[in-house]
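Analysis of the macromolecular model
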Amino acid sequence: MKKSDPNSSGWIALSGSEALAWGMIEAGVQFVNGHPGSPASAVIDELLRLNPAQMRIEWAVNERSAFDAAFGASLTGVRSLVCFKSVGLNVALDSLMVSNLAGGDGGFVVLTGDDPGGYGSQNEEDSRPIIAAAEIPLLEPCTPAEGRRVMKLAYELSEQIRTPVAVRLVQPMMGDTEQIEQPLSPPAVLAQPRFTRQEDRWTVIPTFVVDYHQRLIDAMRSVQAEFEDWDLNQVEGQGRLGIITPGYAYHKLKQVLEHDHTTSIRILRLGTLHPLPEIRIAGFLEGLDAVLVLEETAPYIEDKVSAIAFRAGVKPVILGRKSGPIPAAGELFPGHIAAALEAFLPEWSAPASIEEPERHMISTEPLCEGCPYIPGFGTLLQVMERHGGQDAFIVTGESGCMIRAQVSRERILDTKFAMGSSIGIAAGIARTGIQQKVIALTGDTAFLHTGWGELIDAVQAEVDLLVVLLDNATAAISGGQPHAAIGHDLHGNPRRAVDLGAAIRAAGVENVRVVDPAEIQATQKAYEEGLAARGVTVVVLRHPCPIFVKDIVPITGIDER
């Protein structure tokens, strides 16, 4: 797809990721932080391409750190944004659950990316129930181009109620395109940062929690009343059968109905997902015989609509992912929507041919040619074979390029769960006194994310454990973003790098080996020594990713062998 020119005029083809980035620039956002992960990374990539002079953009070691930095900037009156994928929301949740009580004067937006179908994620998490539990407003664009306007509305709302506002995006919207007429127009004047000391406003301590929570509840009630009139929520068509579709699912529905001119259905599109416009939904339900809820991924809206119908005393049949002709899991494809419509609408028939989009699942691809993991894993398997084979070992892994080994001949992982969890899971297995030798594989990005804390606990537990740290000097699987141990920022500017060896030593590990996995004999020796040693041993496999990295920052204080 040809990228749009932000300085051109007339009609422009805009992708969802571009629309969100443009909306941030036009809203006057000055600070952006996040952690790499599809689909959210695409928005940061667009910002870097547009290169707005007004904006400082960074990647943090994890989502909690990114959230805290962006929220801190908002306390000075500067508009800021934090960006991560759905599972990253879990990491940041502790901070979100407090920041909702005492927001700053600068708008603060939480941009969270969901991955229906789990194409690049370890689960199929739906952010909407989590955002609702955090008691903050949630918006979702219904079309790619609408993302631009939604970002600006989110900042206005955040400053109005002095509370973070979440914007949800989904993977399919990022690359989908739509025409938009107006050129990019950054604000002429930006906020000047100022921290105005206000007694107890930002000290969230038990003394004030109930009062702050009541204030938040009152603010959300006012937001709900406001959402009743927002044009992000609209009704189309007429009839006794209705469809409620939130966010980008609406765009998918319209694509299926593109060549159909039926007026026998009423459609309610929802762009404000928390709090829901209950009066508008209740009015939509009146006089309907049945309602089909089309959404991704959980039956979140379906459950809410059922409750609203009960309170309003209306009784249409409500169908959806929980109780209807739609698969309970996976992405909502055009074929699913068409089949659901055929079952729901007696006189409607699907088009003769429906084009299903192609989705890329990175875990189905083998390791890249020249990947340092290939000799690293191959040598490890050889060493394991000399000591009883794979049945004599338990190998834990986590998010990152190592998952590609599961579709390669190496196929080495026995467990793979969340990012940064491999060392902790391995140490938990080792604590049981199990007979097999335990090996934890961790990546450099994951180690900096949360793995270092798990390494500390493993050392403190005095377990026998071999940790293999795969250091390829980038967050390769999410697009080659830099991390803190690389020595440059996302613009390529030099900065001080975290010394991985020093961090490992600081965790209390005495046995550390650093090798290039291309040097087979040195790698074999490091593995053999690690398996024979007592306590926790770390073998660092250091070799730059051939796709994204040219060189690698030295580790100091440890002899490379």
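As a reminder, the structure under discussion sits directly above these lines.
Criteria and cut-off values
- Residues numbered from 1 in each chain as written.
- Predicted model: local features only at pLDDT ≥ 70, side-chain atom pairs only at ≥ 80, totals over all residues.
- Heavy atoms only, no water.
- Helix = DSSP H or I, 4+ residues; strand = E, 2+ residues; numbered from the N terminus.
- Rg over C-alpha atoms; globule rule 2.2 N^0.38 Å.
- Buried < 20%, exposed > 50% of the residue type's maximum accessible area, 1.4 Å probe, protein only.
- Contact = heavy atoms within 4.5 Å.
- Areas by Shrake-Rupley, 256 points an atom, 1.4 Å probe, with all protein chains shown as cover.
- Arc of directions from axis to C-beta.
- Expected span 1.5 Å × (residues − 1).
- Salt bridge = Lys/Arg side-chain N within 4 Å of Asp/Glu carboxyl O.
- Pairing = 2+ DSSP bridges.
- Axes fitted to C-alpha atoms, helices over the stretch in contact; angles between N-to-C directions.
- Parallel < 35°, antiparallel > 145°, perpendicular 65-115°, else oblique.
- Left-handed = near helix turned anticlockwise from the far one by under 90°.
- Nonpolar A, V, L, I, M, F, W, Y, C, P; charged D, E, K, R; others polar.

**Details of the overall build of the protein chain**
Within the protein chain, the regular secondary structure consists of 17 helices and 20 strands. Its C-alpha radius of gyration of 26 Å places the protein chain within 12% of the 24 Å reference for a compact globule of 561 residues. Per-residue burial over the protein chain gives 56% buried out of 561 residues. Sequence separation of at least 24 residues holds for 78% of the intrachain contacts in the protein chain that already meet a minimum separation of 6. Counting every atom, the protein chain has about 23,500 Å² of accessible surface; 51% of that belongs to carbon and sulfur.

**Looking at the side chain of Ser-399**
As for its placement among the helices and strands, Ser-399 is situated in the loop between β15 (393–397) and β16 (415–416). Residue classification places Ser-399 among the buried residues on the basis of a relative accessible area of 18%.

**Points about helix α10 (residues 278–285)**
Residues of α10 that are buried: Ile-281, Ala-282, Phe-284 and Leu-285. When α10 is viewed along its axis, its buried side chains cluster within an angular range of 160 degrees and face the same direction. Considering only its buried residues, α10 is in contact with β9 (234–237), β10 (241–246), β11 (265–270), β13 (290–293) and α11 (300–312). A positive phi of about 80 degrees marks Gly-287, the residue just after α10.

**Looking at helix α8 (residues 209–227)**
For α8, built from 19 residues, the straight-helix expectation of 27 Å at 1.5 Å per residue is met to within 8% by its first-to-last C-alpha distance of 27 Å. Taken residue by residue, α8 has Tyr-212, Leu-216, Ala-219, Met-220, Val-223 and Phe-227 as its buried positions. Angularly, the buried residues of α8 cover 100 degrees about the axis, an arc narrow enough to put them on a single face. Exposed and facing more than 90 degrees away from the buried side of α8 are Val-210, Asp-211 and Arg-221. Of the surrounding secondary structure, the elements contacted by the buried residues of α8 are β6 (138–139), α6 (146–161) and β12 (272–274).

**Quick look at the pattern of salt bridges**
All told, the structure shown has 29 salt bridges when counted by the stated rule. Across the pair Glu-46 and Arg-49 runs a salt bridge, and its minimum N-O distance is 3.1 Å. Of this pair, Glu-46 and Arg-49 are both found in helix α2 (residues 41–50), three residues apart, which corresponds to roughly one turn of the helix. Using a relative accessible area of 4% as the deciding quantity, one classes Glu-46 as buried. The partner of Arg-269 in a salt bridge is Glu-146, with the nearest N and O atoms 2.4 Å apart. Of this pair, Arg-269 sits in strand β11 while Glu-146 sits in helix α6, and the two are 123 residues apart along the sequence.

**Some points on the sheet that holds strand β7 (residues 165–170)**
In space, the seven strands of this open sheet follow the order β3-β2-β4-β5-β7-β6-β12, with mixed pairing throughout. Two strands in the sheet have a free side with no partner beyond their single neighbour: β3 (56–59) and β12. Note that strand β2 (residues 31–34) and β3 share four bridges and pair parallel. Note on β3: the bridge partner recorded for Val-32 is Ile-57.

**What to know about unusual backbone geometry**
For the bond running from His-274 to Pro-275, omega is -10 degrees, close enough to zero to count as cis. By the element assignment, Pro-275 lies in the loop between β12 and α10. Residues Glu-296 and Thr-297 are joined by a peptide bond in cis, for which omega reads 10 degrees. A positive phi angle is found at Glu-462, which is not glycine, with a value near 55 degrees. Looking at the element boundaries, Glu-462 is found in the loop between α15 (444–461) and β18 (465–471). We classify Glu-462 as exposed; its relative accessible area is 70%. In the Ramachandran plot, Ala-473 falls in the positive-phi region, its phi being about 65 degrees despite a non-glycine side chain.

**Re the sheet that holds β18**
Pairing is parallel in the open sheet, where six strands are placed in the order β16-β15-β17-β18-β20-β19. On the outer flanks of this sheet lie β16 and β19 (511–515), each paired with one strand and no other. By the bridge criterion, five bridges tie strand β17 (residues 437–443) to β18 in an arrangement that is parallel. From the neighbouring strand, Thr-442 faces β18, where its bridge partner is Leu-469. Running at roughly 145 degrees to β17, α15 makes contact with β17, β18 and β20 (536–542) of the sheet.

**A closer look at the packing of α6 against α8**
Between α6 and α8, the shortest axis-to-axis distance is 11 Å and the interhelical angle comes to 140 degrees. Judged by the inter-axis angle, α6 sits oblique to α8. Crossing of α6 over α8 shows right-handed handedness. Between α6, through Leu-157, Gln-160 and Ile-161, and α8, the contact on the second element is made entirely by Ala-219, Val-223, Glu-226 and Phe-227. In terms of residue class, the contact of α6 with α8 is built from five nonpolar, one polar and one charged.

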